[in-house]
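Structure assessment
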Amino acid sequence: MSVVSVSMPEELLERIDEFSEDHGYTGRSEVVREASRNLLGEFEDKKLEGRELMGVVTVVFDYETTTVEEKMMHLRHEHEDLVASNFHSHVGGHHCMELFVLEGGLEDISTFVGKIRATQDTLTIDYSVLPVDDFGPLADMD
């Protein structure tokens, strides 16, 4: 197995160590390996390829110390064909939440989420993807 050196904030490393201990992992390497496998596998679901999808992306950031809000605005405009809706809200004393509703294909949604994840100084990023071309029994109501 190869050894990889990764830079991360001390607070994140402490959280990984605590998570490892609390959940019975053998160490931080095992946590990072599992997280990496999960991240790489997120958009590899063959059931989603070639389908019309809806994605919901939620981003939380500190608006007083970052330029994340400006970066979110640029991404929204860069992907205006994908972003069906966007909502901005203040959360707590100095945080903001940006919520994006996306409509498009797997590759486009994956690219957008990747750009959000690559944005420095975000505090949390959460998303879900749902096929909208078939809602089970509702799809047969033509």
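As the structure is a computational prediction, the values presented were derived from the model and not from experiment.

What the rule picks out here adds up to 3 salt bridges. Two residues, Arg76 and Glu98, come together in a salt bridge whose shortest N-O distance is 3.5 Å. Taken together, the positions of Arg76 in helix α3 (residues 68–78) and Glu98 in strand β3 (residues 95–104) put the pair 22 residues apart, joining distant regions of the chain. Taking relative accessible area as the criterion, Arg76 reaches 24% and is therefore assigned partly exposed.

Let's shift gears to the side chain of Glu98. Classification of Glu98 as buried rests on a relative accessible area of 2%. Among the polar contacts made by the side chain of Glu98, one reaches the side chain of Asn86 at a distance of 3.2 Å. Aside from chain neighbours lying at most four places away, what touches Glu98 is Val57, Thr58, Val59, Phe61, Met72, Arg76, Asn86, Phe87 and His88.

Moving on to the environment of Leu123. Looking at where Leu123 falls in the secondary structure, it is placed in strand β4 (residues 122–131). In the structure, Leu123 is positioned 70 residues away from Leu53 in sequence and 26 Å away in space, judged by C-alpha atoms.

This next bit is on the UniProt feature "binding site: Ni(2+)" (unreviewed entry) in the chain. The residues that UniProt annotates with the feature "binding site: Ni(2+)" (unreviewed entry) are His77, His88, His90 and Cys96. Counting through the fold element by element, His88 comes out in strand β2 (residues 83–91). With residues near it in sequence (within four places) discarded, His88 still touches Phe61, Glu69, Cys96, Met97 and Glu98. Within the structure, His88 has its side chain in polar contact with the side chain of Glu98 (distance 2.6 Å). Here Cys96 shows up in strand β3.

Conventions used here
- Residues numbered from 1 in each chain as written.
- Predicted model: local features only at pLDDT ≥ 70, side-chain atom pairs only at ≥ 80, totals over all residues.
- Heavy atoms only, no water.
- Salt bridge = Lys/Arg side-chain N within 4 Å of Asp/Glu carboxyl O.
- Helix = DSSP H or I, 4+ residues; strand = E, 2+ residues; numbered from the N terminus.
- Buried < 20%, exposed > 50% of the residue type's maximum accessible area, 1.4 Å probe, protein only.
- Polar contact = N/O pair within 3.5 Å; in protein donor to acceptor, adjacent residues only side chain to side chain.
- Contact = heavy atoms within 4.5 Å.
- UniProt positions renumbered as here; feature names shortened; annotations may be inferred.

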